[in-house]
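Coordinate analysis (summary)
Spelled out from the first residue to the last, the chains are:
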Amino acid sequence: MALIVHKYGGTSMGSTERIRNVAKRVAKWARAGHQMVVVPSAMSGETNRLLGLASELAPSHAQSAYYRELDMLAATGEQASSALLAIALQAEGLPAISFTGWQVPVHTNSSYTKARIESIDDKRVRAELDAGRVVIITGFQGIDPNGHITTLGRGGSDTSAVAVAAALKAAEVLIYTDVDGVYTTDPRVVPAAKRLNTVSFEEMLEMASLGSKVLQIRSVEFAGKYKVPMRVLSSFTPWDIDVEEEARSGTLITFEEDEKMEKAVVSGIAFNRGEAKISVLGVPDTPGIAYSILGPVAEANIEVDVIIQNISKDGKTDFSFTVSQGDYQRAVELLREKVLPALGASEVVGNPNIAKVSIVGIGMRSHVGVASTMFRALSQESVNIQMISTSEIKTSVVIDEKYLELAVRALHTAFGLDKTEENA
Ligand code: ADP
Ligand code: ASP
Ligand code: MG
């Protein structure tokens, strides 16, 4: 008998019919002799609906008091779906009990809307499991040291599930979603994308951080830190397929690199639409420039991603970087008001419609010419590269958002990732 954690995403919990299906699947696992903990997301669309109501009432929001209420509000989505799942399980004849984050409790820091889990108390959950119940724990939320409800950022139920699995030392966490595993790229954008049987933890971490929203990045970090075995699989298979068969389906996140030796140099293509580019033009090329520009940006809590500084001409240079689209206006205003006059730079210009496309693969470490294959494929499609950033196992380029899909498809083909007859 093993302790298993299941996580079901919004689409998987999207209607009472789907919730009944989840209940039947979980009951099947429990009846196969496993202790079951289930972490559901809110029903699909619910988190957006709730946050939409808040912005109808207060479109501008910079106050911590406002973010506190957003978390109070958004956390209810998972409370509802968890209770519904417990009800559905009881209707299947299986004892079940649901808990919110604060009831467990799941302790987090106080960063409303993007809180980090600090610890999870397992006593209450263990007692219920020992009493023979299926335990359902709301995804996406916890409680801060002052007793305020917090949420973990969009897509945060993945992180809740992995953190719960780590705290309970579960044998495995199964992330059930609306695709049947991790693909070489988003299968909704590239229909020729292939499902990967395994993906290394490091590659998954890069893919998640570079925009593949199939797993929230924090969940992958947790899995790595606590070595939690983790699998991504479909909740849309018939609920009554054989448990053993189901347990081997989808994509396993692996911690051994050896398995990958034979594999492709590039394992996947990730992309992120939501970025914006800002350039400060005519900056005097003196020491400390990067700090004078990015210091105030960091102080305003704006995260910077790709950065480039051009070579100088006549003692002046241009300095460009990307931020998320949500921070674009604020960053431009801040630079125009504070940095431009102080530095004597000539102008701040920007483009809020750019995207970042990245190739990811641990095989890139030992292969040369990977980046040039990438640049050739993009040039053949006349896609202009605005910025480049590299690390050991990834190369990212910033391009105009309107070329995003074209670029992802071209790269998918160029690196031999397209589905063929044999591997379809
Ligand atoms: P859930 O509600 O189950 O958490 P998400 O919408 O958060 O589901 O994540 C699943 C979606 O992630 C898929 O529907 C797919 O469009 C998208 N996705 C992006 N990149 C990938 C990838 N590399 N492999 C699989 N799915 C991906
Ligand atoms: N319901 C939350 C969201 O929509 C958390 C999740 O689904 O993982 O972001
Ligand atoms: Mg998700």
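Everything quoted here is computed from the prediction, not taken from an experiment. (Residues numbered from 1 in each chain as written. Chains lettered and ligands numbered in written order. Predicted model: local features only at pLDDT ≥ 70, side-chain atom pairs only at ≥ 80, totals over all residues. Heavy atoms only, no water.)

1. A closer look at the overall build of the protein
Just so we agree on the cut-off: Strands are runs of DSSP state E lasting at least two residues, helices are runs of H or I lasting at least four, and both sets are numbered from the N terminus onward. With the radius of gyration taken over C-alpha atoms, the globule rule is written as 2.2 Å times the number of residues to the power 0.38. Partly exposed describes any residue whose relative accessible area lies between the buried limit of under 20% and the exposed limit of over 50%, with all areas from a 1.4 Å probe on protein chains only and scaled to the type maximum. Here, residues are in contact when the closest pair of their heavy atoms is within 4.5 Å. The protein chains shown are the only cover counted for residues, whose accessible areas, like all others here, come from Shrake-Rupley with a 1.4 Å probe. For the charge count, each Lys or Arg is scored as positive and each Asp or Glu as negative, with His and the chain ends excluded. The atom standing in for a charge is NZ when the residue is Lys, CZ when it is Arg, CG when it is Asp and CD when it is Glu.
In terms of helices and strands, the protein carries twelve helices and 18 strands. Compactness check: the protein gives a C-alpha radius of gyration of 23 Å against a globular reference of 22 Å for 424 residues, within 12% of the reference. Considered along the principal axes of its C-alpha atoms, the protein spans approximately 80 × 55 × 35 Å. Here the protein, with 424 residues, has 50% of them falling under the buried criterion. A sequence separation of at least 24 residues applies to 76% of the contacts in the protein between residues at least 6 apart. Carbon and sulfur atoms make up 51% of the accessible area of the protein, which totals about 19300 Å². Positive and negative side-chain charges in the protein, numbering 42 and 51 respectively, have mean positions lying 2 Å apart.

2. Some remarks on the side chain of Thr151
Convention followed: Whenever a nitrogen or oxygen atom comes within 3.5 Å of another N or O atom, the pair is scored as a polar contact, on the condition that within protein one atom can donate a hydrogen and the other can accept it, and that pairs from neighbouring residues in sequence are kept only if both atoms are in side chains.
Inspection of the secondary structure assignment puts Thr151 in strand E8 (residues 149–151). For Thr151, the side chain forms a polar contact with the side chain of Asp71, separated by 2.7 Å.

3. Brief notes about the sheet that holds strand E18 (residues 394–400)
As a reminder of what qualifies: Paired strands are those between which DSSP finds at least two bridges. Note on definitions: angles span 0 to 180 degrees between N-to-C directions of axes, and those axes are lines fitted to C-alpha atoms, for helices only across the stretch in contact.
Pairing is antiparallel across the open sheet formed by six strands, whose spatial order is E14-E15-E13-E16-E18-E17. Each edge of the sheet is formed by a strand with only one pairing partner; in this case those strands are strand E14 (304–309) and strand E17 (387–391). Adjacent strand axes in the sheet meet at a mean angle of 25° when their direction is disregarded. In this structure, strand E13 (residues 268–284) lies alongside strand E15 (residues 316–324), joined through eight bridges in antiparallel fashion. Its bridge partner lying in E15, Ile278 is registered against Phe321. Its contacts with the sheet place helix H6 (residues 201–209) against E13, strand E16 (347–360), E17 and E18, and it is angled at close to 150° to E16.

4. Focus on the sheet that holds strand E2 (residues 35–40)
As summarised here, the arrangement of the eight strands in space is E3-E6-E2-E1-E9-E11-E12-E10, forming an open sheet in which the pairing is mixed. Both edges of this open sheet fall to strand E3 (96–99) and strand E10 (198–200), since each of them pairs with a single strand only. When the angles between neighbouring strand axes are averaged without regard to direction, this sheet yields 20°. The pairing of E10 with strand E12 (residues 251–254) spans three bridges and is parallel. Within the sheet, the bridge partner assigned to Val199 lies in E12 and is Ile253.

5. Regarding the site of ligand 1
The following threshold applies: Only a single heavy atom is needed: when it lies within 4 Å of a molecule or strand, its residue is near that molecule or strand. Note on residue categories: nonpolar means Ala, Val, Leu, Ile, Met, Phe, Trp, Tyr, Cys or Pro, charged means Asp, Glu, Lys or Arg, and polar means any other residue, Gly included.
Near ligand 1 there are 17 residues, and of these Thr177, Asp178, Tyr183, Asp186 and Arg188 occur at the shortest range. Here an oxygen atom of ligand 1 and a backbone polar atom of Gly10 are 3.1 Å apart. The protein chains hide 90% of the 570 Å² of surface that ligand 1 would expose on its own. The residue makeup of the shell around ligand 1, split by class, is six nonpolar, six polar and five charged.

6. Here's the deal with helix H7 (residues 217–226)
Residues of H7 that are buried: Arg218, Ser219, Val220, Phe222, Ala223 and Gly224. Where the residues of H7 are buried, they touch strand E5 (117–120), helix H5 (157–167), H6 and strand E11 (230–234).

7. Thoughts on the packing of helix H2 (residues 46–57) against helix H3 (residues 64–91)
To be explicit about the condition: When describing relative orientation, an angle under 35 degrees is termed roughly parallel and one over 145 degrees roughly antiparallel, while 65 to 115 degrees is termed roughly perpendicular and anything else oblique. A clockwise turn of the near helix away from the far one marks a right-handed crossing, whereas an anticlockwise turn of less than a right angle marks a left-handed crossing.
Remark: H2 packs on H3, axes separated minimally by 9 Å, with the N-to-C direction vectors making an angle of 150°. One way to sum up the angle between H2 and H3 is to call them roughly antiparallel. By crossing handedness, the relation of H2 to H3 is classed as right-handed. Each of Glu46, Thr47, Leu50, Leu51, Ala54 and Ser55 in H2 lies in contact with H3, whose residues at this interface are Tyr66, Leu70, Leu73, Ala74, Thr76, Gly77 and Glu78. A class-by-class count of the residues in the contact of H2 with H3 yields seven nonpolar, four polar and two charged.

8. Notes on the packing of aromatic side chains
The condition that has to hold: The rule is short: rings of Phe, Tyr and Trp, with Trp giving its six-membered ring, pair when the centres are within 6.5 Å, and they are stacked under 30 degrees, edge-to-face over 60, tilted in between.
If you walk through the whole model with that rule in mind, you get five aromatic pairs. With a centroid separation of 4.6 Å and an interplanar angle of 10°, the aromatic rings of Tyr8 and Tyr176 are classed as stacked. Of the two residues, Tyr8 sits in strand E1 (residues 3–8) while Tyr176 sits in strand E9 (residues 172–177), which places them 168 residues apart along the sequence. Exposure class is identical for Tyr8 and Tyr176. Each is buried.

9. Regarding the pattern of salt bridges
For clarity, the threshold we go by: Counted as salt bridges are all cases of a side-chain nitrogen of Lys or Arg within 4 Å of a carboxyl oxygen of Asp or Glu.
Taken as a whole and judged by the stated rule, the model has 20 salt bridges. Lys123 is paired through a salt bridge with Asp121; the nearest N and O atoms lie 3.4 Å apart. The network of salt bridges with common partners includes Arg25, Lys28 and Glu246.

10. Some details on the site of ligand 2
Close to ligand 2 lie Ser41, Ala42, Thr47, Glu78, Phe140, Arg154, Gly155, Gly156 and Ser157, which account for all nearby residues. One of the backbone N or O atoms of Gly156 is found 3.4 Å from an oxygen atom in ligand 2. Compared with its free state, where it exposes 260 Å², ligand 2 has 86% of that area covered by protein. A breakdown of the residues in the shell around ligand 2 according to their chemical character gives two nonpolar, five polar and two charged.

11. Remarks on the packing of H5 against H7
Think of two packed helices as two axes; the pair is described by the angle between the axes and how far apart they sit. Packing of H5 against H7 brings their axes to within 7 Å, and their N-to-C directions diverge by 15°. One element, H5, and the other, H7, form an angle in the roughly parallel class. Read as a crossing pair, H5 and H7 show a hand that is left-handed. Only Arg218, Ser219, Phe222, Ala223 and Tyr226 of H7 make contact with H5, whose side of the interface consists of Asp158, Thr159, Val162, Ala163 and Ala166. Taken together, the residues of the contact of H5 with H7 sort by class into six nonpolar, two polar and two charged.

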